[in-house]
Amino acid sequence: MKNLNEMLEENKKTYGFQSKGGGWFDFQEGANKVRILSEMEIIGSHYLGGKSVRTCYGKDEGCPQHTENSPEVRPKWMMYVYNYLTKQLEIARFPYTIVQMLADLQASEEYHFSEFPMPYDITLNVKNAKTKEVEYTIVPARANTPTEQATLDELKDKKPISFVIERIKEKQRIADGVEVQGADVKEKDDGVESIDPD
């Protein structure tokens, strides 16, 4: 399993972002209880104004949005979670702020974890959801509990998060006119929601 602090440092070098929070998160205002089920993978986005968002496929991979005047990359870390509110396995995008709090939990003596699914649930408290002033706090469960077998069975049938992210990046490369070997992403696909992880 990855050490989350080491992963964050490596991702900073690859995508050239700073250690600050911000961005959007789809969880609701208030308490959001989840179980993190899978390893997390980074995906970066360039926000070009209005609703114009471009997926970053890495400055070393030829992403055309890495120029002096381009906005910085806003990273998110994607993973599978079990959402207790919807009672469904979902793909989540966590901002740096939350991943750093998870890294702190992983490094702590009391809440250390060394594999996914995490051995306990977390409650993500969200204040000012879906605004630039959003604030996050994490409350870990006091006890470890097993992940439901039905959830584990469903997770086993999903494509890895790295596959989902690569498909998103392929779509952006095609939109940018960059040749992609073996790409079969359809132009009509729109974002994460249209990519079926099954």
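Residues numbered from 1 in each chain as written. Predicted model: local features only at pLDDT ≥ 70, side-chain atom pairs only at ≥ 80, totals over all residues. Heavy atoms only, no water.

**Student:** Before we go on, may I ask you to explain the side chain of R35 in this structure?
**Tutor:** Along the chain, the position of R35 falls in strand β1 (residues 30-36). Exposure remark for R35: the relative accessible area of 2% places this residue in the buried category. Only 3.3 Å separates the side chain of R35 from the backbone oxygen of Y120, close enough to count as a polar contact. In this structure R35 touches Y80, V81, Y82, Y84, M118, P119, Y120, D121, T145, P146 and T147, once residues within four positions along its chain are discounted. (Helix = DSSP H or I, 4+ residues; strand = E, 2+ residues; numbered from the N terminus. Buried < 20%, exposed > 50% of the residue type's maximum accessible area, 1.4 Å probe, protein only. Polar contact = N/O pair within 3.5 Å; in protein donor to acceptor, adjacent residues only side chain to side chain. Contact = heavy atoms within 4.5 Å.)

**Student:** I'm lost on the pairing of strand β2 (residues 41-47) in this one. Help?
**Tutor:** A large share of β2 lies buried, amounting to 6 of its 7 residues. Taken together, the 5 bridges between β2 and strand β4 (residues 74-83) define a ladder with antiparallel strand orientation. Residue pairing for β4: E41 is matched across the bridge by M78. Two elements, β2 and strand β3 (residues 53-56), share 4 bridges in a ladder whose sense is antiparallel. Bridge pairing in β3 places Y47 opposite V53. (Pairing = 2+ DSSP bridges.)

**Student:** What should I look at first to understand the packing of aromatic side chains in this one?
**Tutor:** Geometry of an aromatic ring pair is reported as the spacing of the ring centres plus the angle between the planes. Overall, the coordinates contain 5 aromatic pairs when judged by the stated rule. Ring centres of W77 and Y96 lie 6.1 Å apart, and the angle between their planes is 55°; this geometry places the pair in the tilted category. In this pair, W77 sits in strand β4 while Y96 sits in helix α2 (residues 96-107), placing the two residues 19 residues apart along the sequence. The pair W77 / Y96 is uniform in exposure class, with both members buried. Geometrically, the ring pair formed by Y82 and Y84 is edge-to-face, given 4.9 Å between the ring centres and 80° between the ring planes. For Y82, a relative accessible area of 18% gives the class buried. Following the ring pairs from residue to residue traces out a cluster consisting of Y111, F113, F116 and Y120. A cation over a ring is seen here: R74 above Y47, with NZ or CZ 4.5 Å from the ring centre. Positioned above the aromatic ring of F163, the side-chain terminus of K159 is 5.6 Å from the ring centre. (Phe/Tyr/Trp six-rings, centres within 6.5 Å; stacked < 30°, edge-to-face > 60°. Lys NZ or Arg CZ within 6 Å of the ring centre and 35° of its normal.)

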